[in-house]
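# What the coordinates show
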Amino acid sequence: MKVLKYGGTSVGSVKSILSLKNIVEKEARKQPVVVVVSALGGITDKLLATSQLALKGDERWKDEFDAMVNRHHQMIDTVITDPKKREDLFTRIDALFEQLRSIYFGVFLIHDLSEKTQNAIVSYGERLSSNIVTMLFKNARRMNARDFIRTERKHNRHQLDAELTNRLVREAFAQDKDNKPSTKIYVVPGFISRDKDTGETTNLGRGGSDYTAAIIAAALDAEVLEIWTDVDGFMTADPRVIKTAYTINELSYVEAMELCNFGAKVIYPPTIYPVCVKNIPIRVKNTFNPTFEGTLIKQEIENDRKPIKGISSISGTTLITVTGLSMVGVIGVNRRIFSCLADNGISVFMVSQASSENSTSIGVRDQDAAAAVEVLNAEFAKEIETGAMYPMNAESGLATIAIVGENMKHSPGIAGKLFGTLGRSGISVIACAQGASETNISFVVNGENLRKSLNVLHDSFFLSEYNVLNLFICGVGTVGGKLIEQIRSQYEELKQNRRLKLNVVGIASSKNAIFSRDGIDLDNYRELLKQSEPSSISHLRDEVLAMNIFNSVFVDCTASREVADLYQTFLEHNISVIAANKIAASSAYDNYYRLKRTALARGVKFRFETNVGAGLPIIGTMNDLRNSGDRILKIEAVLSGTLNYIFNTISADVPFSETVRRAKEEGYSEPDPRIDLSGMDVVRKLVILTREAGYKVEQEDVEKHLFVPDNYFQGSVEDFWKNLPDLDAEFEKRRRQLEAEGKRWRFVAKMENGKTSVSLQEVALGHPFYNLEGSNNIVLLTTERYKEYPMQIQGYGAGASVTAAGVFANIMSIANI
């Protein structure tokens, strides 16, 4: 025999009802089948809501009631094609609705709704649906669950009397088999039951139809229990939050129970125990995708190596802390805590206790919090009055998360990885608990961090198909635009060959910004920016922080001081920062140091490789040298691709002013070329390299020997361009002399033992700087290991494409690839 349970949307539409019919008839050709059904989708909620309207004396209860009648009538009209069967069914259904109408009318008249009446009302959902489902089949037999599912009153709740129920189930089905041996399909209304003492209608709780099916399967020693629902089975995480969640093929009973207890709403948690005792497997399948295998739940999983099977969560958690010095070493305190909560029907789903025994924290649902605090304060009233214990402290707005897997006990370091991953994402754990079985590690976080926690854990434990990096890109000019183009072109390559998904969730220009948690269409982002609302620095900051997304990186492709001022805030919120913008790293040393220390403390990255040498691996190489124990003694460098381009381009035919103009037009210089000509860009770069070499230096400490008079840096950009040709004659005179001597100009940055300078120097043939072409940069590093022959790094030091590539490389380094 096989037991199949259908509930929710599985009996909520014509399509699902007809799918149910096909599945059951196919199975019934092989063996007898018990079909346990829930109410039509949404009807239980409708029954409860209508009862509240009637209780308040609201006439609208009649409209709601009529809507339920119409829905059932429409279902019958559509799925029952035999006229005689349809007429018989209408008679039965209308009789039940007439009873229900009388109950509602009584509630409406006397303004009273007892538990007994409420239980009677909600039972009609399954009583109605089971009559409809029975009529779908030939020779199907409807069994009344209230004849054999019996409950008893305990702790102010109706609980199953398992021994009596099992006997009655066996007797009911044995008797029916004797009377009607040809019956192949049995239909049972789930959820509903009867009090063994009073005979009143009771129920097994919301989701109780699953439980009904499990009870019958266990009592009849069924071959398998199939739970047919509207999802493909248990998922690695909530697919509404984790887009990459996927179906788990197999789970042990213990793993399934843990996931259900912590929020996985695939099946009702008590369902597992009855079949587990009898070692009856559970198969969870999708009514709308019947060919999919779904999830199989059984005693042992063969060849199971995954330490983590799934991640589950409960939002709306309140953590209540019972604390006091009198608790230390006193026997019976915890018994009192849990006994008084149980006596008042309050369920605790997590417990965390300090080893000192002076505090115990318990997790309850928000709706139970006020009652739990009240009963605990009453239970310990005397201790609270004497000061031996403190009044209960309740912290709401929290969420509980559990990672589940029986193989965790064979995999050292899972807990360390869990808390390390959360810490690097800026997520504080408020309380945690782990049993000795090591099947479940559960912890409590702020509710605002639930989505972020689930995403980062799912990604970290390789439950996701891809590792995901969520990028906020600020600046869509030459560098930013090229970066986005490079990300777009490499997107599929990285997904396929690196299992990395670069998800651009925010793009900001100087005037507009767009954000999307699911990712922005990079083919159309400029049009989306144009259509977006005007933005500001504060709006940018607030949107980035509000998204609170996992594995997030802020990429600054601007030259804005206001944007650079946001870095500290982002790092403090565990958002890594990649900066093509040189302002922060070359700002006051204390600010630079604070940014570096914050990134280190928060476990995120502050990377700015392209601040010097565009895409050249200069800063990374220096860090590698220092991290391996080397000491940098001297730096000699040509760091301005713009100035190198200018001094390589200047000739008898191309005067100085023209070379400057060309540098701007070809994208080598800053928008205002005076920044390059003033040497300030080189000063900033030298300061950054000196700091990365381990020395404390400010921009003001750098000796400057410049080649353009100070007055050219006054006034507007227009004035600068107008006056610049005045320098051409002097530069041409000096150029000719230099050419005659076989030398070339290079603007050199130098650091030796912490002392820094920048100057225009004449270099002779044979010097490493002599043949530096175009806009190339070159850096010579003299270290304790590289004294006689300095390490040389040379290549393109300017240009949007190579700078964007350097930023891209920083992004990839954060992705740990």
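It should be noted that the structure appears before, not after, this text.
Now for a quick tour of the structure. Note that the structure is a prediction, hence the values are computed from the model and not measured.

## Quick notes on helix α27 (residues 728-740)
Over its 13 residues, α27 extends 18 Å from the first C-alpha to the last, a length consistent with the 18 Å expected when each residue adds 1.5 Å. Residues Asp728, Phe731, Glu732, Arg735 and Leu738 constitute the buried set of α27. Along α27, the residues classed as buried sweep out an arc of 125° about the axis, all on the same side. Counted as exposed and oriented over 90 degrees from the buried face of α27: Ala729, Lys733, Arg736 and Ala740. The elements touched by buried residues of α27 are α22 (641-649), α23 (656-665), β27 (743-752) and β28 (755-764). Just past α27, the residue Gly742 takes up positive phi, approximately 70°.

## Notes on the sheet that holds strand β7 (residues 192-195)
The mixed open sheet is built from four strands, whose spatial order is β5-β4-β7-β8. At either margin of the open sheet sits one strand with a lone partner, and together these are β5 (157-160) and β8 (201-203). Sheet twist, expressed as the average angle between the axes of neighbouring strands with direction ignored, equals 55°. As judged from the two bridges shared by strand β4 (residues 150-154) and β7, these two strands associate in the parallel manner. Looking across to β7, one finds that Thr151 is bridged to Asp195. Strands in contact with helix α5 (residues 115-134) are β4, β5, β7 and β8; relative to β8, the strand with the most contacts, it is inclined by about 75°.

## Overview of the pattern of salt bridges
Scanning the model with the defined rule gives 38 salt bridges in all. Glu383 is paired through a salt bridge with Arg336; the nearest N and O atoms lie 2.8 Å apart. Here Arg336 lies in helix α10 (residues 333-343) and Glu383 lies in helix α12 (residues 381-386), a separation of 47 residues in the sequence. Its salt-bridge partner being Arg674, residue Asp672 comes within 3.1 Å of it at the nearest N-O pair. Residue classification places Arg674 among the buried positions, given a relative accessible area of 11%. The network of salt bridges with shared partners includes Glu152, Lys154, Asp161 and Lys196.

## Considering the side chain of Ser657
Mapped onto the elements of the fold, Ser657 is located in helix α23. You can call Ser657 buried: its relative accessible area is 12%. Within the structure, the side chain of Ser657 is placed 2.8 Å from the side chain of Asp728, a separation counted as a polar contact. Every residue in contact with Ser657, bar those within four places of it in the chain, is listed here: Trp721, Leu724, Pro725 and Asp728.

## Observations regarding unusual backbone geometry
If you check the backbone angles, Asn279 has positive phi at about 55° while not being a glycine. Inspection of the secondary structure assignment puts Asn279 in the loop between α9 (272-277) and β11 (282-286). Asn279 sits in the partly exposed class, given a relative accessible area of 46%. For Asn753, which is not glycine, the phi torsion reads 50° and is therefore positive. Mapped onto the fold, Asn753 is located in the loop between β27 and β28. Take Asn753: its relative accessible area is 52%, and that puts it in the exposed class.

## Things to note about α23
Of all the residues in α23, the buried ones are Phe656, Ser657, Thr659, Val660 and Ala663. Projected down its long axis, α23 carries its buried residues within an arc of 160°, all on one side. Buried positions along α23 lie against α22, α24 (674-677), α26 (717-723) and α27. Once α23 finishes, Gly667 follows within two positions and takes phi at roughly 80°, a positive value.

## Observations regarding the state of the cysteines
According to the stated counting rule, one finds zero disulfides in the structure shown. The cysteine Cys260 is free of any disulfide, with Cys276 supplying the nearest cysteine sulfur at 12 Å. We classify Cys260 as buried; its relative accessible area is 5%. Of all cysteine sulfurs in the structure, the one in Cys557 sits closest to Cys474, which takes part in no disulfide; the separation is 8.2 Å.

## Things to note about the sheet that holds strand β25 (residues 632-638)
The sheet built from six strands is open, its strands ordered β26-β28-β27-β25-β29-β30 with mixed pairing. Sheet topology places β26 (703-705) and β30 (791-796) at the edges, where each strand pairs with a single neighbour. Here the average twist between neighbouring strands, direction ignored, is 20°. Two elements, β26 and β28, share three bridges in a ladder whose sense is parallel. From the neighbouring strand, Glu703 faces β28, where its bridge partner is Ser757.

Criteria and cut-off values
- Residues numbered from 1 in each chain as written.
- Predicted model: local features only at pLDDT ≥ 70, side-chain atom pairs only at ≥ 80, totals over all residues.
- Heavy atoms only, no water.
- Helix = DSSP H or I, 4+ residues; strand = E, 2+ residues; numbered from the N terminus.
- Expected span 1.5 Å × (residues − 1).
- Buried < 20%, exposed > 50% of the residue type's maximum accessible area, 1.4 Å probe, protein only.
- Arc of directions from axis to C-beta.
- Contact = heavy atoms within 4.5 Å.
- Pairing = 2+ DSSP bridges.
- Axes fitted to C-alpha atoms, helices over the stretch in contact; angles between N-to-C directions.
- Salt bridge = Lys/Arg side-chain N within 4 Å of Asp/Glu carboxyl O.
- Polar contact = N/O pair within 3.5 Å; in protein donor to acceptor, adjacent residues only side chain to side chain.
- Disulfide = S-S within 2.5 Å.

Remember, this is a structural readout, not a statement about activity or role.
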